[in-house]
Each structure stands twice: as structure tokens, then as C-alpha cells.
Amino acid sequence: VQLQASGGGLVQAGGSLRLSCVTSGRSFSTLRMGWFRKAPGKEREFVAEVSWSGGRTTYADSAKGRFTVFRDNSKSVAYLQMNSLKPEDTAVYYCAASVNNYGDSRAADRGYEFWGQGTQVTVSS
């Protein structure tokens, strides 16, 4: 499974960005898709995920109410819509995929087997 994330950039606080993750190598509708981020000096952290069908979404507390994760199975693309961005959202954002529709929320990587290369998001104050 290959993942290609894009859509990062520089945005002012309060602005919005939409990240995309194009996937190939396996039927997209059988992949759980997730987003993670890693800020300088911090551990990688979970942001959001969406189930195979898109019917179930999960968010980190930091993302709730501001970010929306969704997918288009006809295009094999997962998205992360980020609104009301804050400087503390600055990080490299990674998309991830898993063949398991349920992951272990206690694990730092939540059971994701495949990872994209990351896209930089910088939020200025």
C-alpha cells in the first residue's frame, strides 16, 4: 500500500487547510485511514481516523470541533479538513492506513501498518 499526503502549507491562525491522502496498492474501501502529526521535539500523536465505509470517525481531543476526517472511496482519497487552525497545530502531518477496520486505541500507532511521507503544516500567530 502506497500513501501520498499533500495539502500542507503556511496559514495564519484561524485559517483552514485541507489535507489529502491518495492511496494505491489495495482496495481503498478495505483500508481504515488515519491522520497523525509530529511537532518538533514532540512524539507523533494521533489526530483522527475514519473507518472503511466512512461511517465511523474518531478524533483526538485537540481535533474535536475543528477538524473533520472523511473519505471518497470512489477516488481512493482520504481527507483531513482543518479549520480554526492554531499555532500549536504546526507539525508534519502523516496519513496512515490499516487493513483492520478497528485498531487498538491504546497503542501509539493505533495499529496502522502503512504510512505516508508527511506534509508540513505551519500555522503562524
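Let us look at the structure shown here. This is a predicted model, so every value here is computed, not measured. (Residues numbered from 1 in each chain as written. Predicted model: local features only at pLDDT ≥ 70, side-chain atom pairs only at ≥ 80, totals over all residues. Heavy atoms only, no water.)

### Looking at the overall build of the protein
Looking only at helices and strands, the protein has zero helices and 11 strands in total. Reading the helices (α) and strands (β) of the protein from amino to carboxyl end gives β-β-β-β-β-β-β-β-β-β-β. In terms of C-alpha radius of gyration, the protein reaches 13 Å, essentially the compact-globule figure of 14 Å for 125 residues. Here the C-alpha coordinates of the protein stretch approximately 40 × 30 × 25 Å along the principal axes. In the protein, which comprises 125 residues, the share counted as buried stands at 42%. For the protein, the proportion of contacts with a sequence separation of at least 24, taken over those separated by at least 6, is 58%. Counting only carbon and sulfur atoms, one obtains 48% of the accessible surface of the protein, whose full area is about 6100 Å². Side chains of the protein carry 15 positive and 10 negative charges; the gap between the two charge centres is 4 Å. (Helix = DSSP H or I, 4+ residues; strand = E, 2+ residues; numbered from the N terminus. Rg over C-alpha atoms; globule rule 2.2 N^0.38 Å. Buried < 20%, exposed > 50% of the residue type's maximum accessible area, 1.4 Å probe, protein only. Contact = heavy atoms within 4.5 Å. Areas by Shrake-Rupley, 256 points an atom, 1.4 Å probe, with all protein chains shown as cover. Lys, Arg positive; Asp, Glu negative; His and termini not counted. Charge placed at Lys NZ, Arg CZ, Asp CG, Glu CD.)

### Focus on the state of the cysteines
Evaluated as defined, the whole model comprises one disulfide. What pairs with Cys21 in a disulfide is Cys95, and their sulfur atoms sit 2.1 Å apart. Given an S-S torsion of about 60°, the disulfide between Cys21 and Cys95 has right-handed geometry. A residue pair is termed long-range when its members are at least 10 positions apart, and Cys21 in strand E3 (residues 17–24) and Cys95 in strand E9 (residues 91–98) qualify at 74 residues. For the residue pair Cys21 and Cys95, the accessibility class agrees, reading buried in each case. (Disulfide = S-S within 2.5 Å.)

### Here we look at the pairing of strand E1 (residues 2–6)
The two faces of E1 differ: Leu3 and Ala5 on one face are buried, but Gln2, Gln4 and Ser6 on the other face are not. Alignment of E1 against E3, held across five bridges, turns out to be antiparallel. When the sheet's bridge partners are listed, Ala5 is paired in E3 with Cys21. (Pairing = 2+ DSSP bridges.)

### Observations regarding the sheet that holds E3
Two strands in a sheet stick together by hydrogen bonds in their backbones, pointing the same way (parallel) or opposite ways (antiparallel). Strand order across the open sheet formed by four strands is E1-E3-E8-E7, with antiparallel pairing between neighbours. Edge positions in the sheet fall to E1 and strand E7 (67–72), since each has one partner strand and no second. With strand direction ignored, the average angle separating the axes of adjacent strands in the sheet is 15°. Of the strand pairs in this sheet, E3 and strand E8 (residues 77–82) are connected by six bridges, and their pairing is antiparallel. Each bridged residue has a counterpart across the sheet, and for Arg18 the counterpart in E8 is Gln81. (Axes fitted to C-alpha atoms, helices over the stretch in contact; angles between N-to-C directions.)

### Points about the pattern of salt bridges
Applying the stated rule across the entire model yields seven salt bridges. For Asp61, the salt bridge identified is with Lys64, shortest N-O distance 3.2 Å. Of the residues examined, Asp61 reaches a relative accessible area of 65% and is grouped as exposed. One network of salt bridges, in which partners are shared, links Arg37, Glu45, Arg66 and Asp89. (Salt bridge = Lys/Arg side-chain N within 4 Å of Asp/Glu carboxyl O.)

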